[in-house]
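Secondary and tertiary structure notes
The chain contents come next:
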Amino acid sequence: MPSNQSPLGALPSRFRKQRVLVLGCGDVGVRMVKAQGVQARWLALTSSAERIPALRAMGATPLLGNLDKPQTLRRLAGLAQRVLYLAPPPFEGWVDSRALALARVLRRRTAPASVVYGSTSGVYGDCQGEWVPETRAVAPQTPRAQRRVHAEYAMRFWGRSSGVRVSVIRIPGIYAPDREGGTPQTRLAKGTPVLQAADDVYTNHIHADDLARACWRALWLGLPQRLYNVSDHSELKMGDYFDLAADLYGLPRPPRVSRTGAREQLPVMLLSFMDESRRLVNTRMVQELRLTLRYPSVHTGLRSSA
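As the structure is a prediction and not an experimental result, all values here were calculated from the model. (Residues numbered from 1 in each chain as written. Predicted model: local features only at pLDDT ≥ 70, side-chain atom pairs only at ≥ 80, totals over all residues. Heavy atoms only, no water.)

Notes on the confidence of the model for the protein
Note: predicted coordinates in regions of low pLDDT should not be interpreted at a detailed level. Heads up, the condition is: pLDDT expresses how confident the predictor is about each individual residue, on a scale running from 0 to 100. Note on contacts: a residue pair is in contact if any heavy atoms of the two residues lie within 4.5 Å.
On average, residues of the protein score 93 in pLDDT, and 94% of them reach the 70 mark or higher. Within the model, pLDDT remains below 50 along residues 1-5, and this stretch shows four contacts once partners closer than five positions in the same chain are excluded.

Put into structure tokens, the structure is as follows:
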């Protein structure tokens, strides 16, 4: 690509090389920074001094700060034109104090042009396998999903009151062969059971590289206070997903158990994912963010690593 072209194809030159701040610069944030490279000036908040060399090595300016300690965030005010917020909520409670702390800091000086908040598709709760557009009302069934709902509300409210374009991307299961725990291989090797067909639930996925690209596009193309389901085009139940992975990796398919059997054998966290069934509608992602997935289904994404 010539140096004078934007990866989005139609952005005027004044929008290039802006400062982009990434909060929660883990696997997906790192992928975005590496993929977009010279398209922006990168800033990354970290609470760990040990990560500073790695962040610098990939071309980002590290900033020490902790979302649980608001006094350490003051330097973020007015610092960046675009903000990607991928940090998780606190592990307890019903509200996201981290999102509130960030909103308070961003109010202090010149507001960014856009903010993208990475939420979860878990905010929809159990939809009994129905197709779920972004217009569906949220119905969180777990405290962690409730905290995400609160963060979405806090960020969008701040966006409306401050005139900032806040886009919320709702993310399902993230996978990638080069992501820690990013494939089902470990679980398959342990022989962890899945639900029998009669009890099985629909599950949704997105490859980590496609998610990173969606984050980048949302920073530039996301509409004000807009919600986006960022999911691939797969339509699979959870057990079928693990069967597919087992076949690709040459491992035994997992045993199937009833829902009652699952409650007796599986940890609470894993069971919570088996209590929710939905199929995400990703039309907004395709049409408004103009994202063509490199891995449109788990079939292609898993085969790339098999």
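After presenting the structure, the write-up continues.
Digging into the side chain of Arg217
Quick reminder of the rule: Strands here are runs of E lasting at least two residues and helices are runs of H or I lasting at least four, both read from the DSSP assignment and numbered beginning at the N terminus. Here the term buried applies to any residue with accessible area under 20% of the maximum for its type, exposed to any over 50%, and partly exposed to those in between, with areas from a 1.4 Å probe on protein chains only. Neither His nor the chain termini are counted; the positive set is Lys and Arg, and the negative set is Asp and Glu. The rule for a salt bridge is simple: a side-chain nitrogen of Lys or Arg has to be within 4 Å of a carboxyl oxygen of Asp or Glu. Definition of a polar contact: a pair of N or O atoms within 3.5 Å, with one able to donate and the other able to accept a hydrogen when the atoms are protein atoms, and with sequence-neighbouring residues admitted only if both atoms are side-chain atoms.
Here Arg217 lies in helix H6 (residues 208-221). Buried charge without a partner: Arg217 forms no salt bridge, and the closest opposite charge is Asp210, 9.0 Å away. Of note is the side chain of Arg217, whose polar atom sits 3.3 Å from the backbone oxygen of Arg290.

Regarding helix H3 (residues 97-106)
An α-helix turns once every 3.6 residues. As a result, residues three or four positions apart point the same way. Extensive coverage of H3 is indicated by the burial of seven of its ten residues. When H3 is considered as a whole, its buried residues turn out to be Arg98, Ala99, Ala101, Leu102, Ala103, Val105 and Leu106. Close packing links the buried residues of H3 with strand E1 (19-23), strand E4 (82-85), strand E5 (114-120) and helix H4 (143-162). Where H3 begins, the side chain of Asp96 points an oxygen toward the backbone nitrogen of Arg98, at a separation of 3.0 Å.

Examining H4
Which entries qualify depends on this criterion: A helix is expected to span 1.5 Å multiplied by its residue count minus one.
Between its first and last C-alpha, H4 extends 28 Å over 20 residues, near the 28 Å set by a 1.5 Å rise per residue. Taken together, the buried positions of H4 are Ala145, Arg147, Arg148, Val149, His150, Ala151, Glu152, Ala154, Met155, Trp158 and Gly159. Of the surrounding elements, those touching the buried residues of H4 are E4, H3, E5, strand E7 (165-171) and strand E12 (226-229). At the exit of H4 stands Gly163, carrying a positive phi of roughly 75°.

Some thoughts on the environment of Arg108
Position of Arg108 among the secondary structure elements: in the loop between H3 and E5. With relative accessibility at 56%, the residue Arg108 sits in the exposed group. When the C-alpha positions of Arg108 and Gly78 are compared, they lie 7.5 Å apart, and in sequence the two are 30 residues distant. Not counting residues up to four positions away in its chain, the partners in contact with Arg108 are Arg74 and Ala77.

A closer look at the sheet that holds strand E2 (residues 41-46)
Let me state the cut-off plainly: When DSSP locates at least two bridges between a pair of strands, those strands are taken to pair. Structural elements are reduced to axes, namely lines fitted to C-alpha atoms, with helices fitted over the stretch in contact, and the angle between N-to-C directions of any two is expressed from 0 to 180 degrees.
Strands sit in the order E3-E2-E1-E4-E5-E7-E12 across an open sheet of seven strands; the sheet is parallel. With partners counted over all chains shown, the strands left at the sheet margins are strand E3 (60-64) and E12, one partner each. Strand-to-strand twist across the sheet, computed as the mean angle between neighbouring axes with direction ignored, equals 20°. Where E5 meets E7, seven bridges bridge the pair, whose relative direction is parallel. Each bridged residue has a counterpart across the sheet, and for Tyr117 the counterpart in E7 is Val168. Contacting E1, E2, E4, E5, E7 and E12, H6 runs over the sheet at an angle of about 160° to E7.

Some remarks on the nonpolar core
To be explicit about the condition: The nonpolar core is taken to be a set of buried Ala, Val, Leu, Ile, Met, Phe, Trp, Tyr and Cys residues, with the residues joined through side-chain atoms within 4.5 Å.
Core analysis: the biggest nonpolar cluster contains 34 residues, and Met32, Trp42 and Ile169 have the highest contact counts within it. Core analysis: the next-biggest nonpolar cluster, separate from the first, contains 28 residues, Leu73, Val83, Ala87 and Ala101 among them.

Quick word on the pairing of E2
Put simply, the test is: We call a crossover right-handed when, viewed with the strands running away from us, the connection from the first strand over the helix to the second turns clockwise.
Burial within E2 is extensive, with five of its six residues counted as buried. Strand direction decides the pairing type here: E1 and E2, joined by five bridges, are parallel. Within E2, the position partnered with Val20 by the bridge is Trp42. Since E1 and E2 lie parallel, the crossover through helix H1 (residues 27-36) that links them has a hand, and here it is right-handed. Pairing of E2 with E3 involves five bridges; the strand directions are parallel. Directly across from Trp42, in E3, lies its bridge partner Ala60. Following the backbone out of E2, through helix H2 (residues 52-57) and into the adjacent parallel E3, one traces a crossover that is right-handed.

What to know about the packing of aromatic side chains
This is how the line gets drawn: Ring pairs shown here join Phe, Tyr and Trp side chains whose ring centres sit within 6.5 Å, with only the six-membered ring taken for Trp; geometry is labelled stacked below 30 degrees between planes, edge-to-face above 60, and tilted in between. In this analysis the charged atom, NZ for Lys or CZ for Arg, is taken to sit over a ring once it is within 6 Å of the ring centre and within 35 degrees of the ring normal.
Following the criterion strictly, the structure yields five aromatic pairs and no others. Centroid distance Trp216 to Trp220: 5.4 Å. Interplanar angle 65°. Geometry classified as edge-to-face. Note that Trp216 and Trp220 are positioned in helix H6 at a spacing of four residues, about one turn of the helix. With respect to class, Trp216 is no different from Trp220; both count as buried. Measuring from centroid to centroid gives 5.3 Å for Tyr241 and Phe242, while their planes differ by 70°, and the two rings are edge-to-face. Taken as a pair, Tyr241 and Phe242 share a single burial class, namely buried. Connected via pairs of aromatic rings, a cluster forms that spans Trp42, Trp216 and Trp220. Over the ring of Tyr202 we find Arg279, and its NZ or CZ is 4.3 Å from the ring centre.

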